[in-house]
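Residue strings, one per chain:
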Amino acid sequence: MDGSVAYLLTAAGCLVGVAGVVVAVVALRRGRSRPQRPKDPGDPLRDRDSDALRGDPRRLKPGDIVEIRGTSYAVRGSIRLVEGGWSWAEHLLDDAAGVRRWLSVEEDPELELVLWAAEPGTTVTPGAPTIDFAGRRYNWDESGQARYTATGTTGLDPTGTMRYHDYQAPGGARLSFEAYGEAGWEVALGEVLHRADVMIYPQAEVD
């Protein structure tokens, strides 16, 4: 009787062990065959052909060369701005004659490139619903405050805050007011560029 009981207990133990191995193997196989989380496909309408042929403005950085309508500029510095979940960039450009411009790069959601020219000495201030400036009437578009990070030569602290007021005129002309930190308002006129107006020549980073 004791021998039979011992035999039954031994057999039951073997069955439990085999079942445990089977469960482990099945679990391992399920783990390996679990489908991976699909990657974010990104914007399906993004013009990747233009990025490949003309360079990607989103990757612009100090040291790169930008050709805009036949004029070549060196990128002296870049400012990355963040406001809530929104971000954009502004790049300081300098040509061979020392003429400086700013190029803003923003996705809204389409890629928008604007070439800016500073208007120093201007006494007009932002805040009104409409502003008459340089022979045009500009309508208020948006305003806010963003945090920025600056790299390269920009004349700004490495980090800080920026306030802005943006205006638009019929036809797409832009008028912008920006104030970095405690500085006063800087005024600039902007012109929207077509993607074909801009060619980027990335420069290799030097260690």
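Everything that follows concerns the structure shown earlier in this document.
First, a word on scope: everything that follows refers to the structure included in this document. (Residues numbered from 1 in each chain as written. Predicted model: local features only at pLDDT ≥ 70, side-chain atom pairs only at ≥ 80, totals over all residues. Heavy atoms only, no water.)

What the protein contains, in helices and strands, is 2 helices and 11 strands. Along the protein, helices (α) and strands (β) appear in the sequence α-α-β-β-β-β-β-β-β-β-β-β-β when read from the amino end. Within the protein, the proportion of its 207 residues that are buried is 30%. A separation threshold of at least 6 residues defines the contact pool for the protein, and within that pool the share at least 24 residues apart is 48%. (Helix = DSSP H or I, 4+ residues; strand = E, 2+ residues; numbered from the N terminus. Buried < 20%, exposed > 50% of the residue type's maximum accessible area, 1.4 Å probe, protein only. Contact = heavy atoms within 4.5 Å.)

Estimated volume of the largest pocket: approximately 510 Å³. Forming the boundary of the largest pocket are 21 residues, of which W102, A118, E186, V187 and A188 lie nearest the centre. Listing elements by their share of the lining of the largest pocket, those giving two or more residues are strand 3 (86-95), strand 4 (100-107), strand 5 (111-118), strand 9 (174-180) and strand 10 (186-193). Along the lines of polarity and charge, the residues of the lining of the largest pocket split into 11 nonpolar, 4 polar and 6 charged. (1 Å grid on protein atoms, 1.4 Å probe; cavity = no way out; pocket = protein on both sides within 12 Å on 5 of 7 lines; lining within 4 Å. Points joined across faces, edges and corners; volume = space filled by probe spheres on them. Nonpolar A, V, L, I, M, F, W, Y, C, P; charged D, E, K, R; others polar.)

Relative to the elements of secondary structure, V124 occurs in the loop between strand 5 and strand 6 (130-133). Relative accessible area serves as the criterion here: at 23%, V124 is assigned to the partly exposed category. C-alpha separation for the pair V124 and V187, spaced 63 residues apart in sequence, amounts to 8.4 Å.

Bringing the packing of aromatic side chains into the picture now. Applying the stated criterion across every chain yields a total of 3 aromatic pairs. For the pair Y148 and Y180, a centre-to-centre distance of 5.3 Å together with 80° between the ring planes defines the contact as edge-to-face. Residue Y148 is located in strand 7 (residues 136-152), and its partner Y180 is located in strand 9; the two are separated by 32 residues in the primary sequence. The buried category is assigned to Y180, whose relative accessible area is 10%. The lysine or arginine in question, R163, covers the ring of W185, its NZ or CZ lying 4.9 Å from the ring centre. (Phe/Tyr/Trp six-rings, centres within 6.5 Å; stacked < 30°, edge-to-face > 60°. Lys NZ or Arg CZ within 6 Å of the ring centre and 35° of its normal.)

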